[in-house]
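A look at the structure
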Amino acid sequence: MSERKDRRTFDRSQALAAHAQRFIPGTTQTASKRPEAFAPGQFPDFIDRAEGAHVWDVDGNEYIDFVMACGPVTLWYCYPAIDQAI
């Protein structure tokens with residue numbers, strides 16, 4: 001059995017979280033998506049970009065967005081027809 005090493009880093013995320021905690025109670029305006037609701041390092045604290053069902057955090061780590069954002073729940077992110085219309 002091979003051992004998988006997690007190579008993700010969270011330096012920028014941790015710095016932004018420390019900064020945000022000074023100004024935003026719970027570090028978020030959406031209580032259901034507060035950092036304490038997720039296992040540390042298993043879901044991004046700060047999303048930098050998104051496309052389809054994938055999101056990337058500010059440290060460049062990629063995730064599949066099983067939680068989904070409040071807006072693109074039905075259309076996903078960067079949906080070509082919507083982007084083109086905008």
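To be clear, the structure that these remarks concern was listed above.
Counting restarts for each chain, with residues numbered from 1 along the sequence as it is written. Where totals are concerned, whole chains, interfaces and linings use all residues; where local detail is concerned, this predicted model gives features only for residues with pLDDT of at least 70, and gives and counts side-chain atom pairs only at 80 or more. The side-chain figures draw on all heavy atoms in the structure; neither hydrogens nor water molecules are used.

For the protein, the count of helices and strands is two helices and three strands. Strands are runs of DSSP state E lasting at least two residues, helices are runs of H or I lasting at least four, and both sets are numbered from the N terminus onward. From first element to last, N terminus to C terminus, the protein shows the α and β order α-β-β-β-α. For each residue, the accessible area found with a 1.4 Å probe, counting protein chains only, is set against the maximum for its type, and the residue is called buried under 20%, exposed over 50%, and partly exposed in between. The proportion of buried residues among the 86 residues of the protein is 22%. Should any heavy atoms of two residues lie within 4.5 Å, those residues are counted as being in contact. Here the contacts in the protein between residues at least 6 apart in sequence split such that 43% fall between residues at least 24 apart. The Shrake-Rupley method, run with a 1.4 Å probe, gives the accessible areas here. Residue values count only the displayed protein chains as cover. With the model as given, the accessible surface of the protein reaches about 6800 Å², and the carbon-plus-sulfur share is 55%.

Consider a sheet: its strands pair through backbone hydrogen bonds, and that pairing is either parallel or antiparallel. Two strands qualify as a pair provided that DSSP identifies no fewer than 2 bridges between them. Here three strands make up an open sheet; going across it, the order is 1-2-3 and the pairing antiparallel. Here the strands that pair on one side only, and so sit at the sheet edges, are strand 1 (47-51) and strand 3 (62-64). Each neighbouring strand pair of the sheet contributes to a mean axis angle of 25 degrees, computed without reference to strand direction. Relative to strand 3, strand 2 (residues 54-57) is paired through three bridges, and the arrangement is antiparallel. Residue pairing for strand 3: His 54 is matched across the bridge by Ile 64. Interaxial angles span 0 to 180 degrees and are taken between N-to-C directions of axes, which are lines fitted to C-alpha atoms, for helices over the stretch in contact.

A few words now on the pairing of strand 1. Here four bridges tie strand 1 to strand 2, and the two strands are oriented antiparallel to one another. Paired with Ala 50 across the strands is Val 55, a residue of strand 2. Counted along the chain from strand 1 to the antiparallel partner strand 2, the turn is two residues long, and its residue Gly 52 has a positive phi close to 60 degrees.

What follows concerns the packing of aromatic side chains. In summary, the pairing rule links any two rings of Phe, Tyr or Trp, Trp by its six-membered ring, whose centres are within 6.5 Å, and it sorts them by plane angle into stacked for under 30 degrees, edge-to-face for over 60 and tilted for everything else. For the structure on display, the rule yields zero aromatic pairs. Here Arg 49 stacks its cationic end above the ring of Trp 56, 3.8 Å away from the centre of that ring. Geometrically, a lysine NZ or arginine CZ counts as sitting over a ring once it is within 6 Å of the ring centre and also within 35 degrees of the ring normal.

Residue position: Asp 57 is located in strand 2. Only four residue types enter the tally: Lys and Arg on the positive side, Asp and Glu on the negative side; His and the chain ends are excluded. A carboxyl oxygen of Asp or Glu within 4 Å of a side-chain nitrogen of Lys or Arg is what we treat as a salt bridge. No salt bridge is formed by the buried Asp 57; the nearest opposite charge belongs to Arg 8, separated by 6.7 Å. There is a polar contact of 2.9 Å between the side chain of Asp 57 and the backbone nitrogen of Asp 59. Here a polar contact is taken to be a pair of N or O atoms separated by no more than 3.5 Å, where protein atoms must pair a possible hydrogen donor with a possible acceptor and residues adjacent in sequence count only if both atoms sit in side chains. At 3.0 Å, the side chain of Asp 57 forms a polar contact with the side chain of Tyr 63. In contact with Asp 57, not counting residues within four places along its chain, are Phe 10, Ser 13, Pro 44, Phe 46, Ile 47, Asp 48 and Tyr 63.

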